[in-house]
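So you can see what is in the structure, the chains are spelled out below.
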Amino acid sequence: MPRTALTRDEVLDSAAALVRQHGPQALTMRKLAAELGTAVTSIYWHVGNRESLLDALVERTVQEMGAIRPTGRTPSERVVSVARRLRRELRDRPHLIAMVHERGLTERMFLPAQQALVHEVHAAGLRGARAAEAVRAVQFQVVGFVLVERNRERSPVQSPGEGELWEGAGAAEHDLALARALARPADPEKLFTASVRALVSALLDD
């Protein structure tokens, strides 16, 4: 028996979950209705047609990305916290972010994070073009890092792999510790944090 009590937020939650797992092509009104245990007509009543549903998901994604708030005691720590949160949000919802981009709303989506960064670089004493450069450098670092991560995840299995390439004698100019470290898989979270901290330190002249 189809359920009768259904809210717009529940519809959007289920639709977003389907898109996150399988991409927008997997989102059909029938499949969404089945996930919710309701009739297709009920979905239409709450969100309109499929295109209206996708628009609502995009708008919600933009709003959720605007909820990023800095944490930490110093401007540098707070800038790093915004960068780390932004990276996580981008990685957690690639299909939804792609939908935002396709609708020409990417800049609007990034604006709240940029505004948070502006506040912190101002607190660090930067103004004008130098402050703008710092904000954009952090944003580009985040987006670029995420793109590299996703490209590595999608790439075919490499042969020889990175580990094999660094196992050879003399591969690291007699620095065996370096060779062993490079032979191990990269830790993206640790690498991102180290790189963004170094960038922020240079930008804010810590």
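Residues numbered from 1 in each chain as written. Predicted model: local features only at pLDDT ≥ 70, side-chain atom pairs only at ≥ 80, totals over all residues. Heavy atoms only, no water.

1. Section: the packing of helix H1 (residues 8-22) against helix H2 (residues 29-36)
Orientation of H1 relative to H2, taken along the N-to-C sense of each, is 115°, at an axis distance of 10 Å. Between H1 and H2 lies a crossing whose hand is right-handed. Residue-level inspection shows Glu10, Val11, Ser14, Ala15, Leu18 and His22 of H1 in contact with H2, the latter providing Lys31, Leu32, Glu35 and Leu36. Of the residues belonging to the contact of H1 with H2, the class tally is 5 nonpolar, 2 polar and 3 charged. (Axes fitted to C-alpha atoms, helices over the stretch in contact; angles between N-to-C directions. Helix = DSSP H or I, 4+ residues; strand = E, 2+ residues; numbered from the N terminus. Left-handed = near helix turned anticlockwise from the far one by under 90°. Contact = heavy atoms within 4.5 Å. Nonpolar A, V, L, I, M, F, W, Y, C, P; charged D, E, K, R; others polar.)

2. What to know about the nonpolar core
Core analysis: the biggest nonpolar cluster contains 51 residues, and Leu27, Leu32, Ile43, Leu53 and Leu57 have the highest contact counts within it. Here Leu27 is in contact with Ala15, Leu18, Val19, Leu32, Arg50, Leu53, Leu54 and Leu57, once residues within four sequence places are set aside. (Core = buried A, V, L, I, M, F, W, Y, C linked by side-chain atoms within 4.5 Å. Buried < 20%, exposed > 50% of the residue type's maximum accessible area, 1.4 Å probe, protein only.)

3. A word on the packing of aromatic side chains
According to the stated counting rule, one finds 1 aromatic pair in the structure shown. Consider the rings of Phe145 and Phe192, whose centres lie 5.1 Å apart with planes at 70°: the pair is edge-to-face. Within this pair, whereas Phe145 is found in helix H8 (residues 128-154), its partner Phe192 is found in helix H11 (residues 188-204), the two being separated by 47 residues in sequence. By relative accessible area, Phe192 is classed as buried at 0%. (Phe/Tyr/Trp six-rings, centres within 6.5 Å; stacked < 30°, edge-to-face > 60°.)

4. Quick look at unusual backbone geometry
Each neighbour pair has its own omega, and for Ser159 with Pro160 the value is 0°, a cis peptide bond. Inspection of the secondary structure puts Pro160 in the loop between H8 and helix H9 (162-165).

5. Notes on the environment of Thr28
With respect to the secondary-structure elements, Thr28 resides in the loop between H1 and H2. By relative accessible area, Thr28 is classed as partly exposed at 35%. C-alpha separation for the pair Thr28 and Gly72, spaced 44 residues apart in sequence, amounts to 42 Å. A polar contact is formed between the side chain of Thr28 and the backbone nitrogen of Lys31, at a distance of 3.0 Å. (Polar contact = N/O pair within 3.5 Å; in protein donor to acceptor, adjacent residues only side chain to side chain.)

6. Thoughts on helix H6 (residues 94-102)
Along an α-helix, residues three or four positions apart point the same way, because every turn accommodates 3.6 residues. Here H6 has its buried residues at Leu96, Ile97, Met99 and Val100. The buried side chains of H6 occupy one side of the element, clustering within an arc of 155° when seen end-on. In H6, the exposed positions that point more than 90 degrees away from the buried face belong to His101 and Glu102. Those residues of H6 that are buried lie in contact with H1, helix H4 (50-65), helix H5 (75-92) and helix H7 (106-123). Positive phi shows up at Gly104, right after H6, with a value of about 70°. (Arc of directions from axis to C-beta.)

7. Comments concerning the environment of Ser159
As for its position among the elements, Ser159 is in the loop between H8 and H9. Classification of Ser159 by relative accessible area gives exposed; the value is 73%. Separated by 103 residues in sequence, Ser159 and Ala56 place their C-alpha atoms 44 Å apart.

8. Section: the packing of H1 against helix H3 (residues 40-47)
One way to put it is that H1 packs onto H3 with a least axis distance of 9 Å and a crossing angle of 105°. In terms of their interaxial angle, H1 and H3 are classed as roughly perpendicular. Where H1 approaches H3, its residues Arg8, Val11 and Leu12 are matched on the opposing element by Ile43, His46 and Val47. Of the residues belonging to the contact of H1 with H3, the class tally is 4 nonpolar, 1 polar and 1 charged. (Parallel < 35°, antiparallel > 145°, perpendicular 65-115°, else oblique.)

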